[in-house]
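Structural overview
Given next are the chains, with one letter for each unit.
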Amino acid sequence: MELKDLRVEYRENPLGLDIKKPRFSWKLVSEEKNVMQTAYRIFVTKEGKTVWDSGEQDSSSSVLIEYNGLELEPRTLYQVQVEVWDYKGNWAIAKGSFETGLLKGTNFSADWITHDFPADETACPVFTKEFKVKKEVEKVRIYATALGVYEITINGKKVGDTYFAPGWTNYHQRIQYQTYQADELLQEKNTMEITVGNGWYKGIFGFTCTPNHYGDRVSVLAEVHITYVDGTMEIVKTDESWNVTTGKIRSSEIYMGETIDSCYKNENFSSVLPMSFDKERIIGQESEPVRITTKLKAKELIVTPKGEKVIDFGQNLTGFVELKLTGKTGQIITIRHAEVLDKDGNFYPETLRQAISIDQFVCNGEEQTFLPHFTFHGFRYIAVEGLEEINLENFTACVLHTQMEETGTFTSSNPLVNQLYSNILWSQRGNFLDIPTDCPQRDERLGWTGDAQVFAGTAAFNMNVASFFTKWLHDLASEQTEEFGVPHVIPNILGNQDGAAAWSDAAVIIPWVIYQTYGDVRVLEEQYESMKGWVDYISAHCGTNGLWQKGFQYGDWLGLDKEEGSTERTGATDKYLVANAFYAYSTNLVSKAAYVLDEHEDGQKYDQLYQKIKKAFNEEYITASGRMVSETQTGCVLALYFDLADVKYRERILKTLEINIANHKNHLTTGFVGTPYLLPALSDNNLHDLAGTLFLKEDYPSWLYAVKKGATTIWERWNSILPNGDFDTSGMNSLNHYAYGSIGEWMYRKLAGINQLEPGYKKISIKPQFIKGITSVEASFNSVYGEIKSAWICRNQKILVDVVIPANTTALLYLPEKENPLEVGSGSYHFEYETETNLERARFSMDSTLKEILDEPVALQILNQYAPEMMNHPMIEFAYQLSISEILATAPGETETLFKMVIDALNRTVITI
């Protein structure tokens, strides 16, 4: 047995930790089966002295064990040692460390400094300080933050490898600082420069592209702590002794791009000005930083019909381009960005709207490497101007996002599905850049709560998002008010607006996802008042019937079932039905959270409220015979998936849903609200085959339609690119928008069958479910206990299943086509057995048209034998172009049995494709 992956607050040996009671997690690894931890012991020491000894604890807990020793001191290195025992008598040990930061913002001794440049100055200010070091240095730590986004250099070398610090928070109440290790950078004489860009603080942002959302002048706060070998210490800090100038970054805006003039030299230095900003608002970095996580080589040089020189990187991504070249002095290189080419092959930047996304570099005649500092772009293609000859080797796309550990993998026998999974992952990479944005390319890039909420489950499979969402949820709570509830975007730059269902419900749903995925109770503790506050806000806006039926709502945003020609984007489902479905769902989750936190009185209170909402929902939106007010796909799905419909109504609602889907030729019509739950609701209600049919559709509207059109990320709209190659012209057409990527959770949970039975996957369910058209699936999820794997193959009349369960957990294995589950401990398991099931896609199905069926003599023979009256019906020719599903939607039950017999016979006797 080994002890691996010792983490402190989800991180390995973190630097600058500002949590007063950090939590420790570890993983057991063993070749043996059924390994379960029986005891652990944690030692935390400082300079060899014990500050906490947990003692030997008889417990299988190995996730998020809270420190309970002496009060932690700022700027201090602590060593951690964990010992564990299993029930077989094995013993293992792991060691790690963490170093605290300042622990509170008021521990900054530095002063905020700013500049007095004219308001129309676009160049980024560069704050400078020269200092000397006369003793031998042992270690150097830099603590820094800014109102704006900043970058530090010492003696011309960048400090750290992160971007967009200090990140985007609700500056009115919270601003992060960062801790850097700079042990090797100091010389005897040193020049420190801190360049500050406008960033989110004062940059051009929002739908109206206006600046100064938080302030009209950037500022910086920093201090360098130098510890010498002789034990003495010195602090170099921002104060009025610093100077300020402008440098080579002549302009920089997130939306607009960056201009770097390497010929520019400014010998004019000004004195800095003091600035006042409450240090109580300063907190340590809460999530992983933004970094360049990978680099992509240029794939192809294209000269478009318009004569544009365009480089294709083969992948829609978020980041910027690194350019290496030797240009002439004063030569200007311009790089424009776009997600796509139009159907004629020309550069198409219109999806950016007002975000011009142009980078310009001015050469100085030397060999140079250019890359932006304070901007990012959403792009696959760049148009290059200013170069007569283009060498692809000189262009590299740098992918930027919050550097979260990737925890999930998924592959199948279907190449289109594999590309869909890749698209989901790339949209998450592109939009999890410090906050969960809706899109990375246009004049928006906001933390829309609705998008984040529907995607959170998928996100948590793909990557470890615990710290990422925790940081963002802290901002959500800080923006939430009793009067307006939860804003639609976090951080909120759109002003006060009443909360809206499914969007503001992120306050409740995302903490619950984090708790379920990681077993993280603290996120519930910290967000509990916010969770209750949102439900209480809705309650305060309900009518006498106990339902929320007033105010603005997004409804089923971008649902396809609105009346033809309608300009509304809310879908056809009654928007207050949607609102009350989420009201019930969030209330139920708050009740569950209350019980987890031992708030039993609250648990009972919100459970009783939940029951009242359910009752009122049934009375208002479902008739006495089980007919729904909105018999849309989304209306039915919400009633079923959120378990709102009374048992006596569920069968009819499910049938209504099935008929609706059939009437749309087995295609979805759902928007942002219905889509995440559509296939789960079908799979959970014995219509998993139908879920598979919808999932594998390749024409519009479907997930694979975009894949077939060449998408490498998830689109905002089902028809962002039309079948004829034209683009949606609504002015809202992002090609990198992860909301519909929420299907990823269903892929993990249903196709691969990976589910948690207890929070954090302490107890696991493996229950893969087959669909026609996929003959194998292999998936993994690196949980807080270790890697879970589920793989299956169903081919050649055999089923093969391979499962890996991590140590210190147990699992229930539901093998396909076997009746009873197997209860197992950790280890690797292989199963192989015979089957009659054939998952190859058949030529004929319920999606076949009546004419396609009747063109086969075998079908004619069966139908003439069993239903001659149907074949002799004078109107039958009018049904030739209808699919069998559409016909069965209004046909008697025995007709379905007949057509299933016909289709089975055809697939046995006619060559399949």
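These notes cover the structure that comes with them. (Residues numbered from 1 in each chain as written. Predicted model: local features only at pLDDT ≥ 70, side-chain atom pairs only at ≥ 80, totals over all residues. Heavy atoms only, no water.)

Moving on to the pairing of strand β17 (residues 219-228). For β17, the tally of buried residues reaches 10 of 10 residues, placing the bulk of the element in the interior. Neither face of β17 is exposed, since S219, L221, E223, H225 and T227 on one face and V220, A222, V224, I226 and Y228 on the opposite face are all buried. Two strands pair when backbone bridges link them, and strand β11 (residues 137-147) and β17 are joined in this way by 10 bridges, in the antiparallel orientation. Note that in β17 the partner of T145 across the bridge is L221. Here five bridges tie β17 to strand β18 (residues 233-237), and the two strands are oriented antiparallel to one another. Within the sheet, the bridge partner assigned to H225 lies in β18 and is I235. Hairpin connection from β17 to β18: four residues lie between these consecutive antiparallel strands, with G231 at a positive phi of about 95 degrees. (Buried < 20%, exposed > 50% of the residue type's maximum accessible area, 1.4 Å probe, protein only. Helix = DSSP H or I, 4+ residues; strand = E, 2+ residues; numbered from the N terminus. Pairing = 2+ DSSP bridges.)

Moving on, we get to helix α2 (residues 415-431). For α2, built from 17 residues, the straight-helix expectation of 24 Å at 1.5 Å per residue is met to within 8% by its first-to-last C-alpha distance of 24 Å. Counted residue by residue, α2 has 12 buried out of 17 residues, so it is predominantly covered. Structurally, the start of α2 carries an N-cap: the backbone nitrogen of L416 is 2.9 Å from a side-chain oxygen of N414. (Expected span 1.5 Å × (residues − 1). Polar contact = N/O pair within 3.5 Å; in protein donor to acceptor, adjacent residues only side chain to side chain.)

In this section: the nonpolar core. Generally speaking, a soluble globular protein has its nonpolar side chains buried in company with each other. Among the nonpolar cores identified, the biggest contains 209 residues, and F395, F469, F695 and M747 are the most heavily contacted of them. For M747, the residues in contact, after removing those within four places along its chain, are F410, V417, L420, Y421, I424, F695 and A752. Counting residues in each nonpolar core, the second largest holds 31 residues, with L186, I194, V224 and V236 among its members. (Core = buried A, V, L, I, M, F, W, Y, C linked by side-chain atoms within 4.5 Å. Contact = heavy atoms within 4.5 Å.)

The subject of this paragraph is unusual backbone geometry. A negative phi angle characterises most non-glycine residues, just as the trans form characterises most peptide bonds. Of note, the bond from A165 into P166 is cis; its omega dihedral lies within 30 degrees of zero at 10 degrees. By the element assignment, P166 lies in the loop between β14 (162-163) and β15 (175-181). Positive phi, close to 60 degrees, is recorded for D5, a residue that is not glycine. Position of D5 relative to the elements: it lies in strand β1 (residues 2-8). Unusually for a residue other than glycine, C209 sits at a positive phi of about 50 degrees.

Once that is clear, we can look at the packing of helix α7 (residues 575-596) against helix α8 (residues 600-621). When two helices pack together, you describe them by how their axes are tilted relative to each other and by the distance separating the axes. Contact pair α7 / α8: the axes reach a minimum separation of 8 Å and the direction vectors enclose 160 degrees. One way to sum up the angle between α7 and α8 is to call them roughly antiparallel. α7 and α8 meet at a crossing whose hand is left-handed. The segment α7 lies against α8, with Y576, L577, N580, A581, Y583, A584, T587, N588, V590, S591, A594 and Y595 engaging H600, D602, G603, Q604, Y606, D607, L609, Y610, I613, F617 and Y621. (Axes fitted to C-alpha atoms, helices over the stretch in contact; angles between N-to-C directions. Parallel < 35°, antiparallel > 145°, perpendicular 65-115°, else oblique. Left-handed = near helix turned anticlockwise from the far one by under 90°.)

Tracing the chain through its elements places E840 in the loop between β45 (827-834) and α15 (850-854). Sequence separation between E840 and G773 is 67 residues, and the spatial gap between their C-alpha atoms is 5.3 Å. With residues up to four places along the chain from it excluded, the contact list for E840 reads K772, T775 and R795.

With that settled, consider the pattern of salt bridges. If you walk through the whole model with that rule in mind, you get 48 salt bridges. A salt bridge links D475 to R174; the shortest N-O distance between them is 2.9 Å. Note that D475 is positioned in helix α4 (residues 466-479) and R174 in the loop between β14 and β15, a separation of 301 residues in sequence. Residue D475 is classed as buried on the basis of its relative accessible area of 1%. The shortest N-O distance in the salt bridge between D726 and K343 comes to 2.9 Å. Residue D726 is located in the loop between α13 (703-708) and α14 (743-752), and its partner K343 is located in the loop between β29 (340-341) and β30 (347-348); the two are separated by 383 residues in the primary sequence. We classify D726 as partly exposed; its relative accessible area is 29%. It is possible to trace a salt-bridge network through shared partners that takes in D5, R7, E12, K27 and E405. (Salt bridge = Lys/Arg side-chain N within 4 Å of Asp/Glu carboxyl O.)

Once that is clear, we can look at the sheet that holds strand β7 (residues 77-86). With respect to topology, five strands assemble into an open sheet ordered β2-β8-β7-β4-β5, the strand pairing being mixed. The open sheet terminates on both sides in strands that have one partner only, identified here as β2 (15-17) and β5 (49-53). Put simply, the sheet's adjacent strands are angled 40 degrees from each other on average, direction ignored. By the bridge criterion, two bridges tie β2 to strand β8 (residues 91-100) in an arrangement that is parallel. For L15, the partnering residue across the bridge sits in β8 and is E99.

This part is about the sheet that holds strand β44 (residues 822-824). If you trace the four strands from one edge of the open sheet to the other, you get β38-β39-β43-β44, paired in mixed fashion. This sheet does not close on itself; its edge strands, each paired only once, are β38 (754-756) and β44. Direction aside, neighbouring strands of the sheet carry axes that sit 25 degrees apart on average. Bridge analysis of strand β43 (residues 810-813) against β44 gives three bridges, and the strand direction is antiparallel. Looking at β44, one finds that L813 is bridged to L822.

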